[in-house]
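# Notes for the structure review
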Amino acid sequence: MSRTSSGSIKARLVAFAAGRHGVEASEIRFAGGIVVLGAKKTIAFRELVVDAYMARVQLWSDGFYATPGLSWDRETMQGRPFYYFAYGAAVSEVVVDTLTGEWKLLAAHVLHDAGKSLNPAIDIGQVEGGFIQGMGWLTMEELVWHPNDGSPRAGLLLTHAPSTYKIPTANDCPPVFDVRLWKDGVGDDNVAETIHRSKATGEPPLLLPFSVFFAIRDAVSAAGGHRVDPPLAAPATSEAILRAITAVQSASPP
């Protein structure tokens, strides 16, 4: 804890003790686990902390971080909008049922740039979670609004929670799920001055499951002999996949 942080917590404790025990703040001293309150009274530091906690005094310090060196001019399209970039690549294999539109992810091979990873096990887990979450976003989580029929519910989002739309589960993870962190022994760190040259793994992997969407799209295209572009947009639900299959097969010559 920094001196500034500890100082702010101490100041809150002093203000609380002064008000609680009727002494001036200048008369309060901390020494050896004891709090001296004026000339005649002392209490244990633990007792003061418990009393302050029960009185809902903030006993922690807040911090704020501003990413350095960021700027952007929307008129000239010049500046530095991001502190650094994370890179990744993914290849996915899917199977699609052309009669129902159902599909299954058979394998996913993911390579992600985490810089100089602080904890590879945690970062790999973050990439795995982000990948499956993004897969759900691109293939399952369809937004549905109530029709504009003049009722009080008109325009309301109907798929507002996991109870009203489908999200991926453990059963949607592929049997082959190969996730690795980029490391070449030379350039596997971050050029930006981050903590130990690491990079974030919370949100960047969310975009890697586009490989799943495009694998599905390619499978739909194959159902029509790759003669026309499939009219498939995200989310690629089973219903949307079946409509796209019907469209490419109808547009293809017999």
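What comes next is a walk through the structure. (Residues numbered from 1 in each chain as written. Predicted model: local features only at pLDDT ≥ 70, side-chain atom pairs only at ≥ 80, totals over all residues. Heavy atoms only, no water.)

## As for the overall build of the protein chain
- A count of helical and extended segments in the protein chain gives five helices and eight strands.
- Going residue by residue from the N terminus, the α and β elements of the protein chain occur as α-β-β-β-α-β-β-β-β-α-β-α-α.
- Against the compact-globule benchmark of 18 Å for 254 residues, the protein chain has a radius of gyration of 29 Å, which places it well outside the compact range.
- Reported as C-alpha extents along the three principal axes, the dimensions of the protein chain are approximately 100 × 60 × 45 Å.
- Sorting the 254 residues of the protein chain into buried and exposed places 31% on the buried side.
- Expressed as a percentage of contacts within the protein chain between residues at least 6 apart in sequence, the contacts between residues at least 24 apart total 58%. (Helix = DSSP H or I, 4+ residues; strand = E, 2+ residues; numbered from the N terminus. Rg over C-alpha atoms; globule rule 2.2 N^0.38 Å. Buried < 20%, exposed > 50% of the residue type's maximum accessible area, 1.4 Å probe, protein only. Contact = heavy atoms within 4.5 Å.)

## Here's the deal with the sheet that holds strand S2 (residues 34–37)
- Spatial strand order, S1-S2-S3: three strands in an open sheet with antiparallel pairing. With one partner strand each, in any of the chains shown, strand S1 (28–31) and strand S3 (41–44) form the two edges of the open sheet. Across this sheet, the average inter-strand angle for adjacent strands is 20°, counted without regard to direction.
- Bridging between S2 and S3 involves four bridges; their strand directions are antiparallel. Across the sheet, residue Val36 finds its bridge partner in S3, namely Thr42.
- Contacting S1, S2 and S3, helix H2 (residues 45–54) crosses the sheet at an angle of about 75° to S3. (Pairing = 2+ DSSP bridges. Axes fitted to C-alpha atoms, helices over the stretch in contact; angles between N-to-C directions.)

## A closer look at the pairing of S1
- As defined by bridge partners, S1 adjoins S2 across four bridges and the pair is classed as antiparallel. Following the sheet pairing, Phe30 is matched in S2 by Val35.
- Two successive antiparallel strands, S1 and S2, enclose a turn made up of two residues, where Gly32 displays a positive phi of approximately 60°.

## Digging into the sheet that holds strand S8 (residues 176–181)
- Strand order in the open sheet formed by three strands is S6-S7-S8, with mixed pairing between adjacent strands. Edge strands, defined here as strands with exactly one partner in the open sheet, are strand S6 (88–96) and S8. Taken over all neighbouring pairs, the strand axes of this sheet differ in orientation by 10° on average, direction set aside.
- As paired elements, strand S7 (residues 103–112) and S8 share six bridges and run parallel to each other. Of the residues in S8, the one forming a bridge with His109 is Asp178.

## Regarding the nonpolar core
- Trp103, Ile216, Leu232 and Ile241 are the most contacted members of the largest nonpolar core, which has 28 residues in total.
- If you list the elements that add at least two residues to this core, you get S6, S7, helix H3 (120–139), S8, helix H4 (210–223) and helix H5 (238–251).
- If you look at the next biggest cluster of nonpolar residues, it comprises 13 residues, including Leu13, Ala17, Ile28 and Val57. (Core = buried A, V, L, I, M, F, W, Y, C linked by side-chain atoms within 4.5 Å.)

## Here's the deal with the packing of H3 against H4
- At their nearest, the axes of H3 and H4 sit 8 Å apart, and the two run at 45° to each other. By the angle class used here, H3 and H4 are oblique. Along the contact surface, H3 presents Phe131, Met135, Trp137, Leu138 and Thr139, while H4 presents Phe210, Ser211, Val212, Phe213 and Ile216.
- The residue inventory of the contact of H3 with H4, partitioned by class, reads eight nonpolar, two polar and no charged. (Parallel < 35°, antiparallel > 145°, perpendicular 65-115°, else oblique. Nonpolar A, V, L, I, M, F, W, Y, C, P; charged D, E, K, R; others polar.)

## Thoughts on the side chain of Asp113
- Following the sequence through the fold, Asp113 ends up in the loop between S7 and H3.
- Residue Asp113 is classed as buried on the basis of its relative accessible area of 8%.
- A polar atom in the side chain of Asp113 sits 2.6 Å from the side chain of Lys199. (Polar contact = N/O pair within 3.5 Å; in protein donor to acceptor, adjacent residues only side chain to side chain.)

## Section: the side chain of His146
- Structurally, His146 can be placed in the loop between H3 and S8.
- By relative accessible area, which is 16% here, His146 ends up buried.
- Beyond its immediate stretch of four places on either side in the chain, His146 contacts Ser151, Arg153, Ala154, Gly155, Leu156 and Leu158.

## Side note on the pattern of salt bridges
- All told, the structure shown has two salt bridges when counted by the stated rule.
- Here Asp113 ties to Lys199 by a salt bridge, and the two come within 2.6 Å at their closest N and O atoms. Residue Asp113 is located in the loop between S7 and H3, and its partner Lys199 is located in the loop between S8 and H4; the two are separated by 86 residues in the primary sequence.
- The exposure class assigned to Lys199 is buried, which follows from its relative accessible area of 11%.
- In this structure, Arg180 and Asp178 form a salt bridge, with 3.1 Å as the shortest nitrogen-oxygen distance.
- For Asp178, a relative accessible area of 23% gives the class partly exposed. (Salt bridge = Lys/Arg side-chain N within 4 Å of Asp/Glu carboxyl O.)

As far as function goes, none of this settles anything; it's purely spatial.
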